[in-house]
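# Examining the three-dimensional arrangement
Residues per chain are reported as follows:
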Number of protein chains: 2
Amino acid sequence: MTRSPACKCAGLAPECISYRLGLCGRIDPATFQALSASAHFEDLPADRILWHDDHAPAFVGVVLSGILRFERSNSQGRRQVLNLLLPGEIFGVENELGAGYTIEAATDVRLCRFDAHVFDRLMPKDRRLRAEVYRQNVNRLERLRWLTWAIGALSPEERVAAFLVIGTDYMPVQPHPEGGCVLSVMLGRRDIADLLATTVESTCRILKSLERDGLIEMLDPRNIHIPDLAALAERGAIQRLGDRPSFPRIVRMARSARPLPLRELRAMMPINADGAPARAS
Amino acid sequence: MTRSPACKCAGLAPECISYRLGLCGRIDPATFQALSASAHFEDLPADRILWHDDHAPAFVGVVLSGILRFERSNSQGRRQVLNLLLPGEIFGVENELGAGYTIEAATDVRLCRFDAHVFDRLMPKDRRLRAEVYRQNVNRLERLRWLTWAIGALSPEERVAAFLVIGTDYMPVQPHPEGGCVLSVMLGRRDIADLLATTVESTCRILKSLERDGLIEMLDPRNIHIPDLAALAERGAIQRLGDRPSFPRIVRMARSARPLPLRELRAMMPINADGAPARAS
DNA sequence: CGTGCGCTTGACCTGAGTCAATCCTGGTGG
DNA sequence: CCACCAGGATTGACTCAGGTCAAGCGCACG
């Protein structure tokens, strides 16, 4: 884990995802100054443990790129991923750790950490900061509600289908020459399985079966062509394409602070899943 | 559903659970005055639908007695209960409805409804009001995390065991002459099953099997003797008796505004599950 | 005294988890 | 450049936990 010296963000700010569409850009400029004075970048390799169990969090952070997973395991090691933390999202506010929760990097991650004390001092002062933290909490709650419902009321197949549909909101998406789109799944099978409360094997089989049904086509394990998003959504018990839990649109990440390594198909300029240019707001 | 004329709460306040340990007692007195001026009592019979699906909530409410269930169903009618709303808890803030969620009475319920506009006008003015709403949101998130983890990572048996243990925090509890305590489960099997993402039949069988193992004894379907709470907790994957999601302690309800009908064993003076007098705070 | 509903029990069966073998790919070192 | 290796992904075979379906049971209520 590399760690840069304190960075004032000054030059970077307009490029930074947190500034462009997250915390930093929505708070009072004075708060931003104070906060950025305590900011450090930090790069984590995939699977690095960021916080473990009841180890009280010592800092507040914002994800700049990559995905963190917020999870908890039972005694036999069965793991449940409770949330994905995406670029632009804050973590470490409200002592969300404590009861055996862990935060780990699901992919390579770059994040920005702020001093917790500085953050706590700023909270009561800036109503926009509070509003942003509140907003993100509401989103979190909404996503968790969806997940709980999905695990409790949907079949594994429906959950996987829904995961792919919802994934088009926050994972890279490219148009496909023959129509539809190609979703680049940023998570390994293990993580998908643990998020959807199923197993790696079932996930594989379900993907194959969705492929047999023509709902998807696997270009390679991580790149999935979705010819008809609406059809897949229907399989995933998503009534209208509109009602999915709110994730930040990765599309806004397109030119984030640190471009992802430019391998194979990974979309650097994602468009909307339906092939239209990315929606605003 | 009976509805009283507007009630100023004046005389009732000290008796009211929301005043004694919830919203009303924690906010600025001026806010309380304004809020209570728009307050109505409302009694709902069990299973009455309070809000349905995308019907935008028109009011903010506080549960005074009984339990509401916050739920969502899939297309085949499989239902998932996502949260229980207990005496003292607020609902209707932040448009939590919208995506097919429903709020229904799980038992007979008495609640206090406030005008949503009044509430929204007060929110920006009173920091203590905001703090209380925030606090309750954090609790909600925490409970939902536990539930998601439980459904995803625990077996149905573990979930039922844990449900009973956690239930001692928010459902009536009495000491048992032979030691341990008697928990009066306020929910029907159906609700328990839908909360724990299992079926009525499995719930029954699991209860029987816990009984065979001597972990519980069913006095009648709704009154369960727990000789050793810690042993049951262990079966429910609750490590230390301390780490359960935070529910309001029903013990504080003991003399709430409207006593529950005094049938059979229902404890009017619950004590702590371990037999000690109720813990403070 | 019938009816209905909630709870319980039994029989059955299948979806999905477990275990194990194989494939594939990218990375490493010779 | 190639052989080898490790880890992820896939596939197959097997098993059983727990869901479904179908009956009883018993209490509350009209």
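Residues numbered from 1 in each chain as written. Chains lettered and ligands numbered in written order. Predicted model: local features only at pLDDT ≥ 70, side-chain atom pairs only at ≥ 80, totals over all residues. Heavy atoms only, no water.

### Let's talk about the overall build of chain A
Stated formally: Numbering of helices and strands starts at the N terminus; helices are DSSP runs of H or I of at least 4 residues and strands are runs of E of at least 2. The rule is simple: take the accessible area with a 1.4 Å probe, protein chains only, and divide by the maximum for that residue type; under 20% is buried, over 50% is exposed, in between is partly exposed. We call two residues contacting when some pair of their heavy atoms lies within 4.5 Å. Computed by Shrake-Rupley with a 1.4 Å probe, the accessible areas treat only the displayed protein chains as cover when residues are assessed.
Scanning chain A from terminus to terminus reveals 9 helices and 13 strands. Counting over 281 residues, chain A shows a buried share of 57%. Counting contacts in chain A only where the partners sit at least 6 residues apart, residues at least 24 apart contribute 73% of the total. Just so you have it, chain A exposes about 11500 Å², and 53% of that area is on carbon and sulfur atoms.

### Some words on the pattern of salt bridges
Rules: For this analysis, a salt bridge means a side-chain nitrogen from Lys or Arg found within 4 Å of a carboxyl oxygen belonging to Asp or Glu.
The tally for this structure, following the rule as stated, stands at 36 salt bridges over all chains. In this structure, R190 of chain A and D194 of chain A form a salt bridge, with 3.4 Å as the shortest nitrogen-oxygen distance. A residue pair is termed a helical-turn pair when its members lie 3 or 4 positions apart in one helix, as R190 of chain A and D194 of chain A do in helix α7 (residues 189-195) at 4 residues. Owing to a relative accessible area of 45%, R190 of chain A belongs among the partly exposed residues under this scheme. With its nearest N and O atoms 2.9 Å apart, the salt bridge here joins D43 of chain B to R110 of chain B. Of the two residues, D43 of chain B sits in strand β2 (residues 40-44) while R110 of chain B sits in strand β9 (residues 109-115), which places them 67 residues apart along the sequence. Linked through salt bridges whose partners overlap, the residues forming this network are D47, R69, E71, R79, E104, R190, D191 and D194 of chain A.

### Notes on the protein's contact with DNA strand D
This is how the line gets drawn: Working definition: residue near molecule or strand if any one of its non-hydrogen atoms lies within 4 Å of it. Contacts described as polar in this section are N or O atom pairs within 3.5 Å, which, within protein, must combine one atom able to donate a hydrogen with one able to accept it, while residues neighboring in sequence count only if both atoms come from side chains.
Neighbouring residues of DNA strand D: 17 residues in total, closest R189 and C204 of chain A together with P156, T198 and S202 of chain B. In DNA strand D, atoms within 4 Å of the protein come from the sugar-phosphate backbone in 65% of cases. Here a phosphate oxygen of DNA strand D and a side-chain polar atom of S202 of chain B are 2.6 Å apart. The side chain of R205 of chain B places a nitrogen or oxygen atom 2.9 Å from a base oxygen of DNA strand D. Taken together, the elements giving at least two residues each to the surface near DNA strand D come down to α8 (200-212) of chain A together with α8 (200-212) of chain B. Among the elements that take part in the surface near DNA strand D, α8 of chain A stands out by supplying 5 residues, more than any other.

### Regarding the packing of helix α5 (residues 127-153) of chain A against helix α5 (residues 127-153) of chain B
Our working definition: Fitted lines through C-alpha atoms give the axes, limited to the stretch in contact for helices. The angle between two N-to-C directions lies from 0 to 180 degrees. Angles below 35 degrees are treated as roughly parallel, those above 145 as roughly antiparallel, those between 65 and 115 as roughly perpendicular, and all remaining angles as oblique. Take the far helix as your reference; a near helix turned counterclockwise from it by less than a right angle gives a left-handed crossing, and one turned clockwise gives a right-handed crossing. Classification convention: Asp, Glu, Lys, Arg as charged; Ala, Val, Leu, Ile, Met, Phe, Trp, Tyr, Cys, Pro as nonpolar; all other residues, Gly among them, as polar.
Running from N to C, α5 of chain A and α5 of chain B cross one another at 30 degrees; their axes reach a closest spacing of 10 Å. On the basis of their axis angle, the class for α5 of chain A and α5 of chain B is roughly parallel. Considering how the two elements wind past one another, α5 of chain A and α5 of chain B form a crossing that is left-handed. Of the residues in α5 of chain B, those touching α5 of chain A at R130, V133, Y134, N137, R140, L141, L144, R145, L147, T148, I151 and G152 of chain A are R130, V133, Y134, N137, R140, L141, L144, R145, L147, T148, I151 and G152 of chain B. Of the residues belonging to the contact of α5 of chain A with α5 of chain B, the class tally is 12 nonpolar, 6 polar and 6 charged.

### Topic: the protein's contact with DNA strand C
Lining the immediate surroundings of DNA strand C are 17 residues, of which P156, T198 and S202 of chain A together with R189 and C204 of chain B lie closest. For DNA strand C, the fraction of atoms within 4 Å of the protein that belong to sugar or phosphate moieties is 65%. Within the side chain of E201 of chain A, an N or O atom sits 3.1 Å from a base nitrogen of DNA strand C. The contact in question runs from a phosphate oxygen of DNA strand C to an N or O atom on the side chain of S202 of chain A, over 2.8 Å. Here the surface near DNA strand C takes 5 residues from α8 of chain B, the largest share from any one element. Here the surface near DNA strand C is composed, by residue class, of 5 nonpolar, 5 polar and 7 charged.

### Brief notes about unusual backbone geometry
What is expected of a backbone is that most residues other than glycine have negative phi and most peptide bonds are trans. One non-glycine residue, A237 of chain A, lies in positive phi territory at about 60 degrees. Among the residues examined, A237 of chain A registers a relative accessible area of 11% and is labelled buried. The phi dihedral of A197 of chain B falls on the positive side, at around 55 degrees, and the residue is not glycine. Here A197 of chain B lies in the loop between α7 (189-195) and α8.

### Some remarks on the sheet that holds strand β12 (residues 217-220) of chain A
Residues and elements named next belong to chain A. Condition: Pairing between strands requires that DSSP locate at least two bridges from one strand to the other.
Strand order in the open sheet formed by 4 strands is β10-β11-β13-β12, with antiparallel pairing between adjacent strands. Taken across any chain shown, the strands that pair with only one partner, and hence form the sheet edges, are β10 (173-175) and β12. For this sheet, the mean angle separating the axes of adjacent strands, direction not counted, is 25 degrees. Two elements, β12 and strand β13 (residues 223-226), share 3 bridges in a ladder whose sense is antiparallel. Opposite E217, over in β13, you have H225 as the bridge partner. Most of the contacts of helix α6 (residues 156-170) go to strand β11 (residues 181-184), to which it runs at about 90 degrees, and overall it touches β10, β11 and β13.

### Regarding the sheet that holds strand β3 (residues 49-51) of chain A
Residues and elements named next belong to chain A. If you trace the 4 strands from one edge of the open sheet to the other, you get β3-β8-β5-β6, paired in antiparallel fashion. The open sheet has two edge strands, β3 and β6 (79-85), and neither has a second partner. This sheet shows a mean twist of 35 degrees between the axes of neighbouring strands, independent of strand direction. As defined by bridge partners, β3 adjoins strand β8 (residues 101-105) across 2 bridges and the pair is classed as antiparallel. Looking at β8, one finds that I49 is bridged to E104.

### Re the relation of the copies chain B and chain A
Put simply, the rule is: The least-squares superposition of copies is restricted to C-alpha atoms, and to residues with a pLDDT of at least 70 in both copies.
Least-squares fitting of chain B to chain A yields an RMSD of 0.0 Å, with the transformation described by 0.0 Å of translation along the axis and a rotation of 180 degrees. In short, the pair behaves as if placed about a two-fold rotation axis. In terms of C-alpha distance to the rotation axis, chain B has T148 of chain B as its closest residue, with the C-alpha 2.6 Å off the axis. The overlap is high: 100% of the interface residues of chain B also sit at the interface in chain A, so the same surface is used on both sides.

### Some thoughts on the interface of chain B and chain A
Put simply, the rule is: Here the quantity called buried area is the accessible surface, traced with a 1.4 Å probe, that two parts lose on coming together, added over both.
With 35 residues of chain B in contact, the opposing surface of chain A contributes 35 residues. Summed over both sides, the interface of chain B with chain A buries roughly 3200 Å², with 56% coming from carbon and sulfur. Counting the surface chain B buries against chain A, the share from its top three residues, Y134, R145 and W149 of chain B, is 20%. For the interface between chain B and chain A, the tally reads 7 residue pairs in polar contact (both at pLDDT 80 or more). Sorting the residues of the side of chain B that touches chain A by element identifies β5 (68-73), β6 (79-85) and α5 of chain B as the ones contributing at least two each. Ranked by the residues each element gives to the side of chain B that touches chain A, the list is headed by α5 of chain B, at 17 residues. Considering only residue class, the side of chain B that touches chain A consists of 15 nonpolar, 9 polar and 11 charged.

Geometry only, nothing functional implied.
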